[in-house]
Amino acid sequence: MTTSLADVASSDSALRAFLHGLPGVDRVGADQRAAMLGTRSIKTTAKAQAIDLAISMVDLTTLEGADTDGKVRAMCAKAVRPGGDAPSVAAVCVYPDLVAVAVEALKGTGVKVASVATAFPSGRTSLEVKVSDTALALAAGADEIDMVIDRGAFLSGHYMKVYEQIVAVKEACGAAHLKVILETGELATYDNVRRASWLAMLAGADFIKTSTGKVAPAATPPVTLIMLEAVRDFRDATGRQIGVKPAGGIRTTKDAIKNLVLVNETAGDDWLTPEWFRLGASSLLNDLLMQRQKLATGRYAGPDYFTLD
């Protein structure tokens, strides 16, 4: 890194030089380390604590064309009281037009309302529309915005365009947190994942997020590892801590615990809180609740014991 971080975005050429000057990712090494960490075994009391921590980190999500007010209200009720004495989830994530429904349902609970924006999931529209989309969600009461980058611009090397769009959306967010979705399944290489992570952080992201959940592969362990390395190195360089949100394909308690191990072993336990790490998911919560009950009672609940999300 030969360019001062203060000067990185001074021009398109400076930004390009910085991003392409980042250390390359050893693909084999990243795959092997992620696989090795995925074999760690957590038992008994530690597993119970990990399950509750994972529940508290969930962004419970519904992003379907068939979403209704009633579905969102039911999901919000589950987000606040998932089951028994399990903790509430971190946030509920919905489309902008359903934010007001979620805000009303979650009033006074402490569960945040997140909304996708900026032409989710493609990100292919004008900056004016992206800012307007963000403003709609914020006006309805969203606490957090999950924006998508223009992957076409990024892959074409138009880094300054992507940077300026993130800056503009962050400015529109005001006090709301901004999660920047990289859509890593479309970035083709691990080097691009690292570059996109740094680009988003330099532009003001509060979180970097793997995926929309609409593209495969999504939140693979090696990709999450690379993003965790990026936030760790970014804090070392700037003093500013950024959160990470893997999303898409995280469906089981084993998946969730593997992610917690990745966090602890890569970024460190400073990130092991809902403030700095989230799990974007829809079906994961039920599996966490089933495993939680198994630890408490020795028996699995039937498949119809928990509500479908």
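Residues numbered from 1 in each chain as written. Predicted model: local features only at pLDDT ≥ 70, side-chain atom pairs only at ≥ 80, totals over all residues. Heavy atoms only, no water.

> I would appreciate a short explanation of the overall build of the protein in the present structure.
Within the protein, the regular secondary structure consists of 12 helices and 8 strands. In summary, the protein has a C-alpha radius of gyration of 19 Å against a globular reference of 19 Å for 309 residues, a match within 12%. With respect to the three principal axes, the spread of C-alpha positions in the protein is 60 × 45 × 30 Å. A burial count over the protein gives 51% of its 309 residues as buried. A total of about 13,000 Å² of accessible surface is found on the protein, and carbon and sulfur atoms cover 51% of it. Treating the 33 positive side-chain charges of the protein as one cloud and the 35 negative ones as another, the clouds have centres 5 Å apart. (Helix = DSSP H or I, 4+ residues; strand = E, 2+ residues; numbered from the N terminus. Rg over C-alpha atoms; globule rule 2.2 N^0.38 Å. Buried < 20%, exposed > 50% of the residue type's maximum accessible area, 1.4 Å probe, protein only. Areas by Shrake-Rupley, 256 points an atom, 1.4 Å probe, with all protein chains shown as cover. Lys, Arg positive; Asp, Glu negative; His and termini not counted. Charge placed at Lys NZ, Arg CZ, Asp CG, Glu CD.)

> Which parts of the structure should I look at to understand the pairing of strand β1 (residues 58-61)?
Of the two faces of β1, both are covered, the one formed by Val 58 and Leu 60 as well as the one formed by Asp 59 and Thr 61. Here β1 runs beside strand β8 (residues 279-281); their pairing, made up of 3 bridges, is parallel. Across the sheet, the residue bridging to Asp 59 is Gly 280, located in β8. Note on the crossover from β1 through helix α4 (residues 69-80) to strand β2 (residues 91-94): the handedness is right-handed. (Pairing = 2+ DSSP bridges. Right-handed = clockwise from strand over helix to strand, strands pointing away.)

> Would you take a moment to explain the pairing of strand β5 (residues 177-181) for this structure?
On any regular strand, side chains alternate: one points to one face of the sheet, the next to the other face. Burial runs high along β5: 4 of the 5 residues are buried. Here 5 bridges tie strand β4 (residues 144-148) to β5, and the two strands are oriented parallel to one another. Counterpart to Glu 144 in the pairing with β5 is His 177. As defined by bridge partners, β5 adjoins strand β6 (residues 207-209) across 3 bridges and the pair is classed as parallel. Looking at β6, one finds that Val 180 is bridged to Ile 208. Each parallel crossover has a hand, and the one from β5 via helix α9 (residues 190-202) to β6 is right-handed.

> Explain the packing of helix α10 (residues 221-238) against helix α11 (residues 253-266) to me, please; I cannot follow it from the model alone.
The packing of two helices is summarised by the inter-axis angle and the distance between the axes. The interhelical angle for the contact between α10 and α11, taken along N-to-C directions, is 35°, at an axis separation of 10 Å. Judged by the twist between their axes, the crossing of α10 over α11 is right-handed. Between α10, through Pro 221, Thr 224, Leu 225, Leu 228, Glu 229 and Arg 232, and α11, the contact on the second element is made entirely by Asn 259, Leu 262, Val 263 and Thr 266. For the contact of α10 with α11, the class distribution of residues is 5 nonpolar, 3 polar and 2 charged. (Axes fitted to C-alpha atoms, helices over the stretch in contact; angles between N-to-C directions. Left-handed = near helix turned anticlockwise from the far one by under 90°. Contact = heavy atoms within 4.5 Å. Nonpolar A, V, L, I, M, F, W, Y, C, P; charged D, E, K, R; others polar.)

> When you look at the nonpolar core in this model, what are you seeing that I'm missing?
When a protein is soluble and globular, its nonpolar side chains tend to lie buried together. Core analysis: the largest hydrophobic core is formed by 91 residues, its most contacted members being Ile 166 and Val 180. Setting aside its immediate chain neighbours within four residues, Ile 166 contacts Met 147, Ile 149, Leu 178, Val 180, Ala 200 and Ala 203. Within the second largest apolar cluster, 7 residues are counted, among which are Cys 93, Ala 114, Val 116 and Val 148. (Core = buried A, V, L, I, M, F, W, Y, C linked by side-chain atoms within 4.5 Å.)

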